[in-house]
Amino acid sequence: MGRIGVGRLVFAVAASAAICSGVARAETPRATVEGQLDSNLREAIGRAIGETDKPVANRFEARRRARAAGEDAIAVLRSEGYYAYEVEPEVGDGDPPKAIVRVSPGPRFTIADPAIDWVAPAPSEAAKAAGEAVMGLAIGGPGRALDIVNAEGRIVAAVQKRGYADAAPAPREVIVDHADHTVRPTYKIVAGELVRLDGLKVVTDGRSRIGWMERLAPWKPGEVYDPEDVGELERRLLDTGVYDSVTVSLAPADQAGPDGLRPVLVSVSDRKPRTLELGASYSNTEGMGAGARWTRYNVLGRADTLALIAQLAEIDSHLTAELTLPHWRRPQQTFKAGGGLYRKNTDAYEETGFGVRADVQRRYGKTSYITVGGSLDYAKVEEKQTIQSSPLGPDVYTIAGLVTGYLDRSDDPLDPKRGWRLEVRAEPTYLIGDETLPYLKVQTQASAYMPFGAQARTVVAGRVKAGAMLGGRIPEVPASRRFYAGGGGSVRGYAYQAIGPRFDDNTPQGGISLLETSLELRQKVGEKWGVVAFVDAGAVGTDEFPSGDDFSAGVGVGVRYDLGFGPIRADIAVPLDKREGDPSFQIYLSIGQSF
């Protein structure tokens, strides 16, 4: 009992200290704002004046605070278009004395006759029209100072977009007319000469060939300058992943060539030429695993990546090499080629083999793409059951094509809150063993995200995946090529391959059709944490479409912690259709939302 009493005493003292500390740190406004003000203007002035936890010591301190508050109030009033204001700092009676600022905003001034004065040499008529179109100051609108300043920036940007790279503002003229309560801004814009682009001038030494960089430029020498083109070149270089930093900018006017063309300056900082990554994993159903990846960057001088990848695990082990060539033959197009040895040991089959593959991926935007490729594999497949074996035999050669389309219209790759995604995948396949079997494997997956509330703190997310093997049959399709369901990327609550038909010895059979669905409710809690409730369902069928008897579902909850670039997630799920050998629950840890 004595130990419990001491614990309570310590807790009570700590709580009292925290409460007293909170009272001591309570902040109050530096000055009291008085006057007839609308709520938005009063709040803006209050924020500008600020708060303090130090009490007023004397009337001198109160007067100093009132004057400072008056200056803050004037700055807010002018920024909001109130130029006929009256602001009076005062010191109230009492002990301690009170700092007061009385504010009478007067009428809000409005915009009248905004104009642009083009300083010679004037730009083209198209550039003039573009500058006037983006000014965005409505006659009769509030004469806010920030709106007037921002309009100038938009005008300059619009003129630069039309090829006048050196466009800049001269001191503007703003007439504040107290007679009619208007603000008349006149912008003086120095457009300069029209700029035409030359090639690249690489100002740093590196491992990349200049000729390869020049082919990435989205302009030809002699074309009119466009800041978007310069920015696009910078994005293309950064997308390769072989540079720590990239800077692309237009050369100053004094570096123009004899023909008047201006080069574009490129500065890149190469990342370390080699990296070694090590990893480990553990699952209560999939066992332990360890992996390593050795990467060599820019071997060919064109931002290429050569990787050697090794993984040793109970289910999936492999040793592969992969070459990646970004911007292959044209920008935003990546060529990948690789090959290696692999071994898979699942509840349904054991497969050992080697293969080579190559594909070309064409990107559209940051996250959407189309991929076309092919592969050639040889594998020895040993099915874990002997009830029904593939007539192709254990030794199978596979020739396969690949066409994939991925369209991403979500707002975030790791933590989407709104939008949708769609992926379609087709693999024409030809198997050669004791017999031959051609078929077409198709899969599609769609997900959608619907936010609720102004800050999207509640999100409902849904996913549907379907697949079929057109021309494939059971048992002709080897076990290693069939559809399976269950696991973290499929139906949570079940182990890998646990969903679908099984043989009498409880070995997963797999199927030639697949259907999966997921529904999640994601709720943000505080700034970093979130909670999730979900239900997953899936089916694997031995016919063209899964039947109702094939379906299994799992439910669970999870937590999320925002790492800044995306959430780390932990989920626990239980199966609703638990069968022999199925665990009572599954735990999943990963980075990013489940879909």
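That block above? That's the structure.
Residues numbered from 1 in each chain as written. Predicted model: local features only at pLDDT ≥ 70, side-chain atom pairs only at ≥ 80, totals over all residues. Heavy atoms only, no water.

(A) Here's a closer look at the layout of surface pockets. Each pocket or cavity is described by its volume, and for the second largest pocket that value is around 300 Å³. Considering the residues around the second largest pocket, the lining is formed by 17 residues, among which Asp239, Thr240, Thr324, Thr334 and Lys336 are closest to the centre. Of all the secondary structure elements, the ones that give two or more residues to the lining of the second largest pocket are strand E14 (287-297), strand E16 (316-325), strand E17 (333-345) and strand E18 (349-364). For the lining of the second largest pocket, the element with the most residues is E14, which contributes three residues. Partitioning the lining of the second largest pocket into residue classes produces three nonpolar, eight polar and six charged. (1 Å grid on protein atoms, 1.4 Å probe; cavity = no way out; pocket = protein on both sides within 12 Å on 5 of 7 lines; lining within 4 Å. Points joined across faces, edges and corners; volume = space filled by probe spheres on them. Helix = DSSP H or I, 4+ residues; strand = E, 2+ residues; numbered from the N terminus. Nonpolar A, V, L, I, M, F, W, Y, C, P; charged D, E, K, R; others polar.)

(B) Molecular detail of the pattern of salt bridges. Applying the stated rule across the entire model yields 36 salt bridges. For the salt bridge of Glu152 with Arg172, the shortest nitrogen-to-oxygen distance reads 2.8 Å. Linking Glu152 in helix H5 (residues 145-161) with Arg172 in strand E8 (residues 168-177), this pair joins segments that are 20 residues apart in sequence. Here Arg363 ties to Asp239 by a salt bridge, and the two come within 3.9 Å at their closest N and O atoms. With a gap of 124 residues between them, Arg363 in strand E18 and Asp239 in helix H7 (residues 227-239) connect regions that are remote in the sequence. Of the residues examined, Arg363 reaches a relative accessible area of 21% and is grouped as partly exposed. A network of salt bridges, in which partner residues are shared, links Arg492, Glu520, Arg522, Asp536, Arg560, Arg569 and Asp571. (Salt bridge = Lys/Arg side-chain N within 4 Å of Asp/Glu carboxyl O. Buried < 20%, exposed > 50% of the residue type's maximum accessible area, 1.4 Å probe, protein only.)

(C) Looking closely at the nonpolar core. Counting residues in hydrophobic clusters, the biggest one holds 23 residues, and the most contacted among them are Met213, Leu233, Leu237, Tyr243, Val248 and Val266. Mapped by element, the contributors of at least two residues to this core are strand E10 (197-202), helix H6 (210-216), H7, strand E11 (243-250) and strand E12 (262-270). Setting aside its immediate chain neighbours within four residues, Leu237 contacts Trp212, Met213, Leu216, Tyr243, Val246, Val248, Val266 and Val268. Counting 19 residues, the second largest nonpolar core, distinct from the first, contains Ile111, Ala151, Val156 and Val159. (Core = buried A, V, L, I, M, F, W, Y, C linked by side-chain atoms within 4.5 Å. Contact = heavy atoms within 4.5 Å.)

(D) Here's a closer look at unusual backbone geometry. In this structure, Pro96 follows Asp95 across a cis peptide bond, with omega equal to 5°. Within the secondary structure, Pro96 sits in the loop between strand E4 (86-92) and strand E5 (98-104). Following Ala120, the chain continues to Pro121 via a peptide bond in cis, the omega torsion being 0°. One can find Pro121 in the loop between strand E7 (115-119) and helix H4 (125-133). A positive phi is found at Asp113, a non-glycine position, where the angle reads about 50°. Its place among the elements puts Asp113 in the loop between strand E6 (110-111) and E7. At Arg329, a position not held by glycine, the phi torsion is positive, near 70°. Its place among the elements puts Arg329 in the loop between E16 and E17.

(E) Spotlight on the sheet that holds E10. Strands sit in the order E10-E12-E11 across an open sheet of three strands; the sheet is mixed. This sheet does not close on itself; its edge strands, each paired only once, are E10 and E11. For this sheet, the mean inter-axis angle between neighbouring strands, taken without regard to orientation, is 20°. Here seven bridges tie E11 to E12, and the two strands are oriented antiparallel to one another. Within E12, the position partnered with Tyr243 by the bridge is Asp270. Strand contacts of H7: E10, E11 and E12, with the helix running at about 165° to E11, the strand carrying the most contacts. (Pairing = 2+ DSSP bridges. Axes fitted to C-alpha atoms, helices over the stretch in contact; angles between N-to-C directions.)

(F) Inspection of the pairing of strand E19 (residues 368-383) at higher detail. Relative to E19, E18 runs antiparallel, the two being bridged by 16 bridges. When the sheet's bridge partners are listed, Arg363 is paired in E19 with Tyr369. Taking the residues that link successive antiparallel strands as the turn, the E18-E19 hairpin has three residues, and the phi of Gly365 there is positive, at about 75°. As defined by bridge partners, E19 adjoins strand E20 (residues 395-408) across 12 bridges and the pair is classed as antiparallel. Pairing of Tyr378 across the sheet is with Tyr397, part of E20.

(G) Representation of the sheet that holds E5 within the structure. Spatial strand order, E2-E5-E4: three strands in an open sheet with mixed pairing. Edge positions in the sheet fall to strand E2 (32-34) and E4, since each has one partner strand and no second. Neighbour-to-neighbour, the strand axes of this sheet turn through a mean angle of 25°, independent of strand direction. Summarising the sheet, E2 and E5 pair through three bridges and their orientation is parallel. Bridging from a neighbouring strand, Thr32 pairs with Ile100 of E5.

(H) How the structure looks around H5. Taking 1.5 Å as the rise per residue, H5 with 17 residues should run 24 Å; its terminal C-alpha atoms sit 25 Å apart, in good agreement. Ile148, Ala151, Glu152, Ile155, Val156, Ala158 and Val159 are the residues of H5 that are buried. Along the axis of H5, the buried residues cluster in a sector spanning 160°; they form a single face. A positive phi of about 105° marks Gly163, the residue just after H5. (Expected span 1.5 Å × (residues − 1). Arc of directions from axis to C-beta.)

(I) Inspection of the packing of helix H2 (residues 39-49) against helix H3 (residues 59-79) at higher detail. Direction vectors running N to C along H2 and H3 enclose 135°, while the axes themselves pass 9 Å from each other. Classed by the angle they form, the pair H2 and H3 counts as oblique. When you trace H2 past H3, the crossing you get is right-handed. Between H2 and H3, the contacting residues are Leu41, Ala44, Ile45, Ala48 and Ile49 on the first element and Ala69, Asp72, Ala73, Val76 and Leu77 on the second. A breakdown of the residues in the contact of H2 with H3 according to their chemical character gives nine nonpolar, no polar and one charged. (Parallel < 35°, antiparallel > 145°, perpendicular 65-115°, else oblique. Left-handed = near helix turned anticlockwise from the far one by under 90°.)

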